[in-house]
Amino acid sequence: MAGVRIIHLLKTIWMVFLMQVLCVMGSKLWEVPTAPLVPHANLSTRLFWEPECQVQLRHLQNEARVTATIPPKLEGHWVSSRCEVRPGPEFLTRSYSFYQSPTRLFRALQHYYSDSDCHIPTYSLVIRGKLRLRQASWITRGATEAEHHLHKVGMVIHSQKAIHHLATRLPSSCLGLKARGHLVPHRFYELFNAKAEKDCLGALGLSMMELELLRVETHHHPHSRPAQELFLGDVHTDWNERVHHRPTGYQEPLQNAMHHIHPCPVCALVYRASEQHPPILPPSPSIPLDLNGNWVSQRCESRPSVLFLTRLFVFNEEQRTWEGTYQHYSDPMCHQPIFTLLASGHYAKVGQSVKVRGATELVFKVTRAKAIVFDRALLRELNSTQNGRCGQLGRWEVGVEQDITWTDGCEALGIRLPHKEYELFKMGVNHKGRPLLFSGERPTDGSSPDRPAKRPTSFQTPMVQCSTRVRVEPRYSSYSDRSTGPKTRSSANALHSSLILLTVLNAWCWNIHLF
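Calculation notes
- Residues numbered from 1 in each chain as written.
- Predicted model: local features only at pLDDT ≥ 70, side-chain atom pairs only at ≥ 80, totals over all residues.
- Heavy atoms only, no water.
- Salt bridge = Lys/Arg side-chain N within 4 Å of Asp/Glu carboxyl O.
- Helix = DSSP H or I, 4+ residues; strand = E, 2+ residues; numbered from the N terminus.
- Buried < 20%, exposed > 50% of the residue type's maximum accessible area, 1.4 Å probe, protein only.
- Disulfide = S-S within 2.5 Å.

### Some remarks on the pattern of salt bridges
Right, so step 1: For the coordinates displayed, the defined rule picks out 22 salt bridges.
Right, so step 2: As a salt-bridge pair, Asp450 and Arg416 come within 3.4 Å of each other at their nearest N and O atoms. Placement of Asp450 in the loop between β23 (435–439) and β24 (463–467) and of Arg416 in strand β21 (residues 415–416) is noted, with a sequence separation of 34 residues between them.
Right, so step 3: The partly exposed category is assigned to Asp450, whose relative accessible area is 32%.
Right, so step 4: The shortest N-O distance in the salt bridge between Arg451 and Asp450 comes to 3.6 Å.
Right, so step 5: Residue classification places Arg451 among the partly exposed positions, given a relative accessible area of 46%.

Quick look at the structure:
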């Protein structure tokens, strides 16, 4: 029934978008939202207490800082800025060249590796074809839909070990090998030829459907040259679906080779590489997972199925507690909020990941949640929810917080409490040396990684640390008597004020103890 209600909710909001050019959709729990960037009267105990994090979130919404045009200008050379991790996992770097109209030809280089540092190359693919831009996307606002046609695809294998691995996946007939023939390193093998009707891409699971959704952003910086980023369509987290998946979200962006972020040593390595000489990235130091502090989105993030959001996390390693504020928006610049969800709970570290070196497996438990709705269509839907399965029935108001813990979550939003998820985290640093936190990529089908077999093997857009300050007090009061439901507004406000005072005192005492 929850799935039916979610579909009904999404259809309702989608119709409103078509009529009002306002795209709105709900989400599963971990794809949850964040409060508006200007503190609301009901958000006095939110994460806005942290000035550094506020600055970062406001920075994301600076219209003068980020611009995008439709259709995008693709001409040029675009490269990876780090070792990329795709579901599987697959480790790769990308180097794509798009040529001027009217031909719209492209040449893509994909270099694959056996390690998460992209230090040990296994094989490279050379992909040639033609791209035709079609129209602005009706599904993903701010994106352009395109149509691609492959002409030729070739492969160069870089090691004997990679040969043994690929020999089990690629039939000899695909590689033009004669009886008892063997693959040879550094030799070019043709896998696809449109004119010769040769197609051996299925064995590799190769798809260039990422080219069917595009967006180019220009980031303007006050003291340096503008940087350009190319966002291509997301890759399905299910290997069996990726060949036919039509993207509605994005991968990590590629950097324009002439106008990229600075410094970007990986950009230079990828730019100078070829299929015969793949880029060998230097091994990155193994950074122990230290979640303490506050972590915030670096950009307005996208998710498959018409979803834009920012995230703000607070972790306390000593108490193994976490708090998350997630805000969904209807636009790719994160200017038009839909609803906010504030969640909290506990987590446990399981151990080092076997599949992704340097990553840590965790289990998260979500025990409390509150929601704030800003979209009126969504508001009407929640107020019509029956059986009290989403806060107080008929009491939802624009911009007013509701606790949904006592109703075990919100069925209409696909949020259920308590809730457990199996996660994958990894630490890193950005080009300015600031700590980054990579969390597991969400399943493309919108489901939840609620069992070990669904634990992610790739990552979302990393968050940056905006403060190292740690809080120890809980943000929500406990619910010892869940059957009584919400208290009266006056008593709740009195309790709320008391908790704020205790929060300030506890935080002050804790900081004195630390510093």
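### Here we look at the state of the cysteines
Right, so step 1: This structure, assessed with the given rule, holds five disulfides.
Right, so step 2: The disulfide bridge from Cys264 ends at Cys267, spanning 2.0 Å between sulfur atoms. The disulfide joining Cys264 to Cys267 has a torsion of about 70° about its S-S bond and is therefore right-handed. The two residues Cys264 and Cys267 agree in class, both being buried.
Right, so step 3: Each disulfide pairs two cysteine sulfurs, and for Cys390 the partner residue is Cys410, the sulfurs being separated by 1.9 Å. The chirality of the disulfide connecting Cys390 with Cys410 is left-handed, given an S-S dihedral of about -90°. One end of the pair, Cys390, is in the loop between α5 (376–383) and β19 (401–403); the other, Cys410, is in strand β20 (residues 409–410), and 20 residues separate them in sequence. The exposure classification of Cys390 matches that of Cys410, with both residues buried.

This is a description of form; function is not addressed.
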